[in-house]
Amino acid sequence: MRDLSLRALTGLAAVAVLLTEMLGAAGWLRALPLAAAWILVAVAGGAVWRARGYKLPLLPRAGVAEWAIAACCAGIVGTVALTALLSPPNSADAMAYHLPRVVYWAQAGSVAFFPTPYFNQVMLAPAAEYLMLHTYLLTGGDRLVNLIACGAFAGCIAAVSLVARQMGLGARGQAFAALICATLPNAILQASGAKNDLLLGLWTVCAIYFALRREGLWLGLACGMAVATKATAFLFLPPVLLAAGAWRRRELALIAGGVLLLNGPQFARNVRLSGSPLGYDSAQGNGYFRWRNEHPGWRSLASNVLRNTSEQLGARSEQWNHGVYRAAVAAHRALGLDPDDRATTWPGAEFAPPRNANHEANANNRWHLALFLAAVVWAVARRDRRWMSYAAGLGGAFLIFCLYLKWQPFLARLEVPLFLAAAPLGAWLVERWRPACFPLALAVF
């Protein structure tokens, strides 16, 4: 059932992107043509299902503990879904470009670029907003927009449990992977809003799952959807897929095909706008709010590793927060670095003690981070090559992230895909804890 759900999500999302591009090219991106297209997709899917004799999958067999964890995960998702349904989209990025581009597209009946001084509204990866656009056109409003991220959150919970199964964990380990994913504070907060990091997290975990299963076609679609959702996919996917074993020529060819199939039209529009398939390197195209480090190298890497890590350690104790800050500053000075270097710091931002934030932009996942680091230490101590390789892929993705992007106090949200992908690693450690009261205590905590 979980496997079928992931394939359905990946396939339908890819269909949604292709429908958007085709209808938009004809100027038919309106409610009636879109509804007719989805009816045809549903009829075709039903015909394939019946022709191949598929049957609805049975619920998995599991013990009391596994069902209890599943019920807790369902309770969290249900609460977040209710919040998403009752709350209007309200985050800064949603107001600045996620939803404005949806409104412009709906007015024009096309996803062609429109005049704007804020290029984020046209050049950034559009897949999440395409899905929002479908709900907007078919319902006549933004009531269901937040449910895109919420659905991705639920999909991630199923996906990490499947990765755990593929990595050799039993039913209890899979359940713990799901629980670790479902309790990520930043993921919970983003899941009731209109941002796209959880959707990228879903495609990242799906790509890992299909890579572990050596299913090149589905791997290509998942990677294509990841790139179409957010450009940080270029930073995260290479190391984690390499760790998952996706390095063969056929798999690489299918990944490239999936990326071009689902991103080709947007790449072409960006080339016409800026000369680059990814668009300008700053929101206004003038280089001022540039996302990348000015001089990537070991200095920017070390500084950003220290600062991004410190942002994940904020707690309620101000004494603790200032201690983390002083330690990070001391490490900068020991390396001859400036923690507020303009070449590696977002304009207007200053490095400060971490906070116990409760906002989707910068809420941290400190307890989950501690669990993952303990799992890495355990894997090294046990010389478990499979989990060491998996951890190395996640660590490599984080290092590339720090090497490329300037630091700002709101990057915690961008790191959510890596925390989601790390859930099976933490579950592997928890599954091996003895006696059984320790994993139980952690689950309750």
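The preceding data block contains the structure.
Now for a description of the structure that goes with this document. (Residues numbered from 1 in each chain as written. Predicted model: local features only at pLDDT ≥ 70, side-chain atom pairs only at ≥ 80, totals over all residues. Heavy atoms only, no water.)

We now examine the environment of E66. For E66, the location among the structural elements is in helix α3 (residues 64–86). Linking E66 and A175, residues 109 residues apart in sequence, is a C-alpha distance of 5.7 Å. When neighbours within four sequence positions are excluded, E66 is seen to be in contact with A171, R172 and A175. (Helix = DSSP H or I, 4+ residues; strand = E, 2+ residues; numbered from the N terminus. Contact = heavy atoms within 4.5 Å.)

Here the focus is the side chain of N196. Within the element layout of this structure, N196 appears in the loop between α9 (185–190) and α10 (197–212). Discounting chain neighbours no more than four positions away, the residues touching N196 are H98, A128, E129, T229 and K230.

Quick look at the nonpolar core now. In terms of nonpolar packing, the biggest core is built from 118 residues, with L219, L241 and Y390 touching the most fellow members. Take this core: its biggest share by element is 13 residues, from α10. Among all residues touching L219, those that are not within four sequence positions of it are A207, F210, A211, L241, A246, E251 and I255. Grouped together as the second largest cluster of nonpolar side chains are six residues, A328, A349, F351 and W407 included. (Core = buried A, V, L, I, M, F, W, Y, C linked by side-chain atoms within 4.5 Å. Buried < 20%, exposed > 50% of the residue type's maximum accessible area, 1.4 Å probe, protein only.)

What follows deals with the packing of aromatic side chains. Taken as a whole and assessed by the stated rule, the structure comprises 15 aromatic pairs. Here Y97 and Y118 contribute two aromatic rings whose centre-to-centre distance is 6.3 Å and whose plane-to-plane angle is 65 degrees, an arrangement assigned as edge-to-face. Placement of the pair is Y97 in helix α4 (residues 92–108) and Y118 in the loop between α4 and α5 (120–123), with a sequence separation of 21 residues. Here Y97 falls in the buried class, since its relative accessible area comes to 7%. The exposure class assigned to Y118 is partly exposed, which follows from its relative accessible area of 22%. Aromatic side chains W367 and F445 sit 5.3 Å apart centroid to centroid with 90 degrees between the ring planes, which places their arrangement in the edge-to-face category. (Phe/Tyr/Trp six-rings, centres within 6.5 Å; stacked < 30°, edge-to-face > 60°.)

Here we come to the environment of R214. The topology assignment puts R214 in the loop between α10 and α11 (216–229). Along the primary structure R214 and V80 are separated by 134 residues, whereas in three dimensions their C-alpha atoms are 34 Å apart. Beyond its immediate sequence surroundings of up to four residues, R214 is in contact with A244, G245, R248 and E251. Reaching out from R214, the side chain makes a polar contact with the backbone oxygen of A211 at a distance of 2.7 Å. Engagement of the side chain of R214 in a polar contact is seen with the backbone oxygen of A244, the distance being 3.2 Å. (Polar contact = N/O pair within 3.5 Å; in protein donor to acceptor, adjacent residues only side chain to side chain.)

This part covers a nonpolar patch on the surface. Taken together, the side chains of L4, V48, W49, Y54 and L56 define a hydrophobic patch exposed on the protein surface, amounting to about 490 Å² of accessible area. Assessed through its relative accessible area of 30%, W49 is described here as partly exposed. (Patch = residues over 30% accessible without salt bridge, like charges linked within 9 Å, V, L, I, M, F, W, Y side chains within 5 Å. Areas by Shrake-Rupley, 256 points an atom, 1.4 Å probe, with all protein chains shown as cover. Salt bridge = Lys/Arg side-chain N within 4 Å of Asp/Glu carboxyl O.)

Helix length check: helix α1 (residues 2–25) (24 residues) gives 35 Å between terminal C-alpha atoms against 34 Å at 1.5 Å per residue, within 8%. After α1 finishes, the residue G27 shows a positive phi value of roughly 75 degrees. (Expected span 1.5 Å × (residues − 1).)

Take unusual backbone geometry next. Between R434 and P435 the backbone carries a cis peptide bond, its omega angle lying at 0 degrees. Non-glycine residue R214 carries a positive phi angle of around 60 degrees. Given a relative accessible area of 39%, R214 falls into the partly exposed group. Notably, R383 is not glycine yet its phi reads approximately 55 degrees, a positive angle. Given a relative accessible area of 71%, R383 falls into the exposed group.

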